[in-house]
Amino acid sequence: MISNKAVKCLANEEMVVTPWEVRGKIDYERLIREFGTQPLTDELMERMKKDFGELHPQLRRRLFFSHRDLNVILDRFENGQRFVLYTGRGPSGPVHIGHLVPWIFTKYLQEKTGARLYFQMTDDEKFLIEDEMTLEETTKWGYDNALDLIALGFKPEKTSIIFDVRDIFSLYDIAVKVAKRITYSTARAVFGFKDSTNLGWVFWPAIQAVPCFIHAKLTQENVPALIPAAIDQDPYWRITRDIAQKLGYCKPAQIHCRFVPGLGKGGKMSASEPETCIFTIDTPEEVKNKIWNAFTGGKPTIKEQRNTGGNPYLCTIFQYFLYLFEEDDKKISELDENCRTGKVICGDCKTILTERVNRFLKEHQKKREKAKEEIQNFSLKAGEKK
Ligand code: TYM
């Protein structure tokens, strides 16, 4: 794996956050400082509450915690001006529930604002980066992963899915304009490229920039994109923001989320550790086994836990309630309290979480099946998208 000079937090060898690698204990305050993003302030929260009528639990719980130019997007919204949404996926295997966090949030934003979504499926990126994968495999995963997006309920009238390899004809003119403006030395400083990095990978960041500007090309309406994603993707937007105005486009804005942890001790949920990862295509039995083997904030014995309580903030199970599987803030506070005082023990929480995840996945898997009939309606068609 390449090292990333600019975004690796060197003073703490434990924490590494790049678009291709996330490990160690993540210090989000420090990421804000080192990436040069802005914290999501109470003032912005208030504005969103006023603008959107309600705050999504992921906002109320500060799971989205950082941004770039969100205020510009809110200004536009409040003035009745348009913007678009943009997010994506690098398809190298099945989708896990961590990936769903920014997508569910994107859906909330789309429902509240009516903005069109451009979703990029980067089969080319994953082919270039993953030594072992063929282009046929990443393309196949791209179509599979799109079913997860559609299953979340996005509507084809407002959503275009860009499959890079298939749709490159619509992307390439913007990609070369972007690439010409970014020097190798900038790209190397931001992404840490080495002599052994393949040429396709070096060019690749220009392709991830394109959907920031594609709406302007397709509709002649030059509006900014707001990108909801976890903070690992931020280096792409740094270079894209630098060159946007030189190309006559608006700078893209971002809203960043934290990482859903894996079920093991420490680290984000990542497909490279499948046993600590809940995939959307897992069977109920697989889900149960993974949850029952999860790292928790519990004590070595039930007796000890009943007497001294557990630590919900060390507990992966609690995090899943917080991120995805308990919408009611009151119940989250109760769970927190009951864990700390030993009223509930890990087995109780694991049973409830297993049941909720399996209930969610049962419905989601049905919707994935149905999405197979709808996927062709989401394609990028030039000139007709507003
Ligand atoms: P990828 O496939 O690594 O991740 C897809 C999206 O999921 C987010 N993510 C997570 N969010 C919360 N918890 C986690 N454990 C977790 N793991 C991943 C990522 O931040 C991302 O938002 N290069 C990109 C594909 C892409 C893209 C984009 C992503 C192309 N254009 C625009 C975001 C926005 C990639 O490989 O994502």
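See the structure shown above.
Because the structure is predicted, anything quoted here is derived from the model rather than measured.

### Some points on helix H5 (residues 97–113)
Here is step 1: Along its 17 residues, H5 runs 25 Å from first to last C-alpha, staying within 8% of the 24 Å computed at 1.5 Å per residue.
Here is step 2: With respect to burial, H5 is a largely interior element, 14 of its 17 residues being buried.

### Some remarks on the site of the ligand
Here is step 1: What surrounds the ligand is a group of 25 residues, the closest being Tyr 86, Arg 89, Gly 90, Glu 125 and Asp 232.
Here is step 2: At 2.8 Å from an oxygen atom of the ligand is found a side-chain nitrogen or oxygen belonging to Arg 89.
Here is step 3: Expressed as a share of its isolated accessible area of 680 Å², the protein-covered part of the ligand is 98%.
Here is step 4: Counting residues per element, the ones that place at least two in the shell around the ligand are strand S5 (84–89), H5, helix H6 (123–129) and strand S8 (225–230).
Here is step 5: When residues in the shell around the ligand are grouped by element, the largest group, 4 residues, is from S5.
Here is step 6: Classifying every residue of the shell around the ligand gives 9 nonpolar, 10 polar and 6 charged.

### Considering the layout of surface pockets
Here is step 1: As a volume, the second largest pocket reaches approximately 750 Å³.
Here is step 2: Among the elements of the structure, helix H3 (57–60), H5, helix H7 (135–151), helix H15 (316–325) and helix H17 (346–374) are those that each provide at least two residues to the lining of the second largest pocket.
Here is step 3: No other element matches H17, which puts 6 residues into the lining of the second largest pocket.
Here is step 4: In terms of residue class, the lining of the second largest pocket is made up of 14 nonpolar, 4 polar and 11 charged.

### Things to note about the state of the cysteines
Here is step 1: All told, the structure shown has 0 disulfides when counted by the stated rule.
Here is step 2: No disulfide involves Cys 257; its sulfur sits 15 Å from the nearest other cysteine sulfur, which is in Cys 277.
Here is step 3: Looking at the unpaired Cys 339, the closest cysteine sulfur is the one in Cys 349, lying at 6.3 Å.
Here is step 4: With relative accessibility at 11%, the residue Cys 339 sits in the buried group.

### Let's talk about helix H10 (residues 199–209)
Here is step 1: Of the positions making up H10, those classed as buried are Trp 201, Trp 204, Pro 205, Ala 206, Ile 207, Gln 208 and Ala 209.
Here is step 2: Structurally, H10 contributes buried residues whose contacts are with S5, strand S6 (117–121), H6, helix H8 (164–181), helix H9 (184–191) and helix H12 (234–244).
Here is step 3: The N-capping residue of H10, defined by a side-chain oxygen 3.1 Å from the backbone nitrogen of Gly 200, is Asn 198.

### Focus on empty space enclosed by the protein
Here is step 1: Following the criterion strictly, the structure yields 2 cavities of 30 Å³ or more and no others.
Here is step 2: Considered as a void within the structure, the largest cavity measures approximately 100 Å³ in volume.
Here is step 3: Around the largest cavity, the lining comprises 15 residues; the ones closest to its centre are Cys 315, Phe 318, Cys 339, Cys 346 and Cys 349.
Here is step 4: Where the lining of the largest cavity is concerned, the elements lending two or more residues are H15, helix H16 (329–340) and H17.
Here is step 5: When residues in the lining of the largest cavity are grouped by element, the largest group, 3 residues, is from H17.
Here is step 6: When the residues that make up the lining of the largest cavity are grouped by side-chain class, the tally is 10 nonpolar, 4 polar and 1 charged.
Here is step 7: Around the second largest cavity, the lining residues are Met 48, Phe 52, Leu 70, Ile 73, Leu 74, Phe 83, Leu 109, Thr 113, Leu 226 and Ile 255.
Here is step 8: For the lining of the second largest cavity, the secondary structure elements donating two or more residues are helix H2 (42–52), helix H4 (70–78) and H5.
Here is step 9: For the lining of the second largest cavity, the element with the most residues is H4, which contributes 3 residues.
Here is step 10: Here the lining of the second largest cavity is composed, by residue class, of 9 nonpolar, 1 polar and no charged.

### Considering the nonpolar core
Here is step 1: One finds Leu 40, Met 48, Leu 59 and Leu 226 to be the most contacted residues of the largest nonpolar core, which totals 78 residues.
Here is step 2: Residues in contact with Leu 226, not counting those within four places in the same chain, are Leu 70, Ile 73, Phe 83, Val 84, Leu 85, Tyr 86, Leu 109, Ala 253, Gln 254 and Ile 255.
Here is step 3: Of all hydrophobic cores here, the second largest spans 37 residues; its members include Val 190, Trp 201, Ala 216 and Tyr 236.

Reading the values: rules and limits
Residues numbered from 1 in each chain as written. Predicted model: local features only at pLDDT ≥ 70, side-chain atom pairs only at ≥ 80, totals over all residues. Heavy atoms only, no water. Helix = DSSP H or I, 4+ residues; strand = E, 2+ residues; numbered from the N terminus. Expected span 1.5 Å × (residues − 1). Buried < 20%, exposed > 50% of the residue type's maximum accessible area, 1.4 Å probe, protein only. Near = heavy atom within 4 Å. Polar contact = N/O pair within 3.5 Å; in protein donor to acceptor, adjacent residues only side chain to side chain. Areas by Shrake-Rupley, 256 points an atom, 1.4 Å probe, with all protein chains shown as cover. Nonpolar A, V, L, I, M, F, W, Y, C, P; charged D, E, K, R; others polar. 1 Å grid on protein atoms, 1.4 Å probe; cavity = no way out; pocket = protein on both sides within 12 Å on 5 of 7 lines; lining within 4 Å. Points joined across faces, edges and corners; volume = space filled by probe spheres on them. Disulfide = S-S within 2.5 Å. Contact = heavy atoms within 4.5 Å. Core = buried A, V, L, I, M, F, W, Y, C linked by side-chain atoms within 4.5 Å.

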